[in-house]
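Analysis of the macromolecular model
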Amino acid sequence: GSANGIFRYWLDGTQLINATNVEMRDDAGNSDALINQFAISPYIGVGSPANQSFYIDQIILGTE
């Protein structure tokens, strides 16, 4: 694995995260592994007493 990944996150037009040199995978025999899933979901721990929902738009996942 090489620390050459980039992770950026914007919320309502404001960039909140700009991480560079991110290692997306390791060299422990998995250096040819590809990302085949990408999940974004709320996390509240054990559970929520009320139904929740959220919406995501303009998501970009790319290699360049």
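Everything quoted here is computed from the prediction, not taken from an experiment.

Considering the overall build of the protein chain
In terms of helices and strands, the protein chain carries zero helices and two strands. For the protein chain, the residues scored as buried account for 2% of the 64 residues in total. In the protein chain, the share of contacts with a sequence separation of at least 24, taken over all contacts with a separation of at least 6, comes to 10%. When the accessible surface of the protein chain is totalled, it reaches about 6400 Å², and 50% of it is carbon and sulfur.

Some points on a nonpolar patch on the surface
A grouping of Phe-38, Ile-40, Phe-54, Ile-56, Ile-59 and Leu-61 is seen on the molecular surface, where their side chains present a nonpolar patch of about 600 Å² in accessible area. The topology assignment puts Phe-54 in the segment after β2 (14-22).

Side note on the pairing of strand β1 (residues 5-11)
Pairing of β1 with β2, which is carried by six bridges, proceeds in the antiparallel orientation. If you follow Tyr-9 over to β2, its bridge partner there is Ile-17. A loop of two residues connects β1 with β2, the two strands running antiparallel in sequence, and Asp-12 in this loop sits at a positive phi of about 55°.

Digging into the environment of Thr-63
By secondary structure assignment, the location of Thr-63 is in the segment after β2. A sequence separation of 57 residues divides Thr-63 from Ile-6, and the C-alpha atoms of the two residues are 9.6 Å apart.

A closer look at unusual backbone geometry
Negative phi is the rule for most residues except glycine; trans is the rule for most peptide bonds. Positive phi, normally seen in glycine, also occurs at Asp-12, with a value near 55°. The topology assignment puts Asp-12 in the loop between β1 and β2. The phi dihedral of Asn-21 falls on the positive side, at around 60°, and the residue is not glycine. Summarising the element assignment, Asn-21 is placed in strand β2.

Parameters and conventions
Residues numbered from 1 in each chain as written. Predicted model: local features only at pLDDT ≥ 70, side-chain atom pairs only at ≥ 80, totals over all residues. Heavy atoms only, no water. Helix = DSSP H or I, 4+ residues; strand = E, 2+ residues; numbered from the N terminus. Buried < 20%, exposed > 50% of the residue type's maximum accessible area, 1.4 Å probe, protein only. Contact = heavy atoms within 4.5 Å. Areas by Shrake-Rupley, 256 points an atom, 1.4 Å probe, with all protein chains shown as cover. Patch = residues over 30% accessible without salt bridge, like charges linked within 9 Å, V, L, I, M, F, W, Y side chains within 5 Å. Salt bridge = Lys/Arg side-chain N within 4 Å of Asp/Glu carboxyl O. Pairing = 2+ DSSP bridges.

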